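For reference, the chains in residue letters:
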There are 2 protein chains.
Amino acid sequence: MGVHNVMEDVVREALNQNRASLHLTCDCHRCIDDIMAIALNQLPPQYIANEMHSPYVRASHQADRQGATNILSTVAKAAHIVSESPRCQTTKRGWDITSFK
Amino acid sequence: MGVHNVMEDVVREALNQNRASLHLTCDCHRCIDDIMAIALNQLPPQYIANEMHSPYVRASHQADRQGATNILSTVAKAAHIVSESPRCQTTKRGWDITSFK
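The name given to chain A in an unreviewed UniProt entry is Late competence development ComFB family protein, with Sporosarcina contaminans as the source organism.

Structure follows, in structure tokens:
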């Protein structure tokens, strides 16, 4: 079974639904994962032990408009950080951390 | 690829290494998952976008003794909550939430 952080689904949904307005300079998997990780580290986790309860937790997020605004604002900040310096571009330019080994 | 919360590994390790001293009344998968979920909701997430970096983050946790004490204390409190009222026992007694449907 394992545990699952419902906030991952909420952030992914916020990112997908607002992708156009976030003005991402890159939407490759690496940049999307970077945005997800930065945003999730700023938001309170919502772990559940039973996946069957996931829809209830997500529904409570949809009903909480103040919370939704906070999540979207956090995602927008994370998107701005990644858009300013995308790591995939850095890698292409030879600036990846592994090149300093 | 996806994102991963390294704190999940850190909490699981703390739980496994201290299982004897936590005096769990039940160590079935459901109870362990409940302890994990309760503890992870109290601890700051540490999401990474690249699994290759996981050992570095975990090593930094091992070096941080104050942080390790805080994590173990959080796990112990979660274990106490679950040991006081294990949901697997509740289910066996017919008190599961699904029985009220």
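A. Fine view of the overall build of chain A. A count of helical and extended segments in chain A gives 5 helices and 2 strands. For chain A, the proportion of contacts with a sequence separation of at least 24, taken over those separated by at least 6, is 84%.

B. Highlighting the side chain of A:D34. Looking at the secondary structure, you find A:D34 in helix α2 (residues 29-42). Filtering out sequence-adjacent residues up to four positions away, A:D34 remains in contact with A:V82, A:R87 and B:A49.

C. Examining the relation of the copies chain B and chain A more closely. Of the transformation superimposing chain B on chain A, the axial component is 0.0 Å and the angular component is 180 degrees, with the fit at an RMSD of 0.0 Å. The symmetry that links the two subunits is that of a two-fold axis. Relative to the rotation axis, the closest C-alpha in chain B is found at B:P45, a distance of 3.4 Å. When you check the interface residues of chain B against chain A, 100% turn up at the interface there too, and the contact is symmetric in its surfaces.

D. Just unusual backbone geometry, in detail. Residues and elements named next belong to chain A. Despite not being glycine, H23 shows a phi value in the positive range, around 50 degrees. Within the secondary structure layout, H23 lies in the loop between α1 (6-17) and α2. Look at H23 and you get exposed, because its relative accessible area is 64%.

E. Representation of α1(A). Spanning 12 residues, α1(A) covers 17 Å between terminal C-alpha atoms, matching the ideal 16 Å at 1.5 Å per step. For α1(A), the elements touching its buried residues are β1 (4-5), α2, β2 (47-48), α3 (54-63) and α4 (65-84) of chain A together with β2 (47-48) of chain B.

F. Representation of α3(A) within the structure. Residues and elements named next belong to chain A. Listed as buried for α3 are S54, V57 and H61. The buried residues of α3 occupy one face: seen down the axis, they fall within an arc of 75 degrees. Turned more than 90 degrees off the buried face of α3, the exposed positions are P55, Y56, Q62 and A63.

G. Spatial organisation of the interface of chain B and chain A. The partner chain A presents 19 residues to the 19 residues of chain B that form the contact. With both sides pooled, the region where chain B packs onto chain A buries about 1,700 Å², and carbon together with sulfur makes up 54% of that total. Scanning the region where chain B abuts chain A turns up 0 salt bridges. For the interface between chain B and chain A, the tally reads 8 residue pairs in polar contact (both at pLDDT 80 or more).

H. Spotlight on the packing of α1(A) against α2(A). Residues and elements named next belong to chain A. The interhelical angle for the contact between α1 and α2, taken along N-to-C directions, is 125 degrees, at an axis separation of 10 Å. When the interaxial angle is binned, α1 and α2 end up oblique. Relative to α2, α1 is oriented so that their crossing is right-handed. Of the residues in α2, those touching α1 at M7, E8, V11, R12 and L15 are I32, I35, M36, A39 and L40. The class makeup of the residues in the contact of α1 with α2 is 8 nonpolar, no polar and 2 charged.

I. Examining the state of the cysteines more closely. Residues and elements named next belong to chain B. Under the counting rule described, the total for this entry stands at 0 disulfides over all chains. Cysteine C26 is unpaired, with the sulfur of C88 as its nearest cysteine sulfur at 3.5 Å. Residue classification places C26 among the buried residues on the basis of a relative accessible area of 16%. No disulfide involves C31; its nearest neighbouring cysteine sulfur is the one of C88, lying 3.4 Å away. Using a relative accessible area of 0% as the deciding quantity, one classes C31 as buried.

Parameters at a glance
Residues numbered from 1 in each chain as written. Chains lettered and ligands numbered in written order. Predicted model: local features only at pLDDT ≥ 70, side-chain atom pairs only at ≥ 80, totals over all residues. Heavy atoms only, no water. Helix = DSSP H or I, 4+ residues; strand = E, 2+ residues; numbered from the N terminus. Contact = heavy atoms within 4.5 Å. Least-squares fit on C-alpha atoms with pLDDT ≥ 70 in both. Buried < 20%, exposed > 50% of the residue type's maximum accessible area, 1.4 Å probe, protein only. Expected span 1.5 Å × (residues − 1). Arc of directions from axis to C-beta. Buried area = accessible area lost by both parts, 1.4 Å probe. Salt bridge = Lys/Arg side-chain N within 4 Å of Asp/Glu carboxyl O. Polar contact = N/O pair within 3.5 Å; in protein donor to acceptor, adjacent residues only side chain to side chain. Axes fitted to C-alpha atoms, helices over the stretch in contact; angles between N-to-C directions. Parallel < 35°, antiparallel > 145°, perpendicular 65-115°, else oblique. Left-handed = near helix turned anticlockwise from the far one by under 90°. Nonpolar A, V, L, I, M, F, W, Y, C, P; charged D, E, K, R; others polar. Disulfide = S-S within 2.5 Å.

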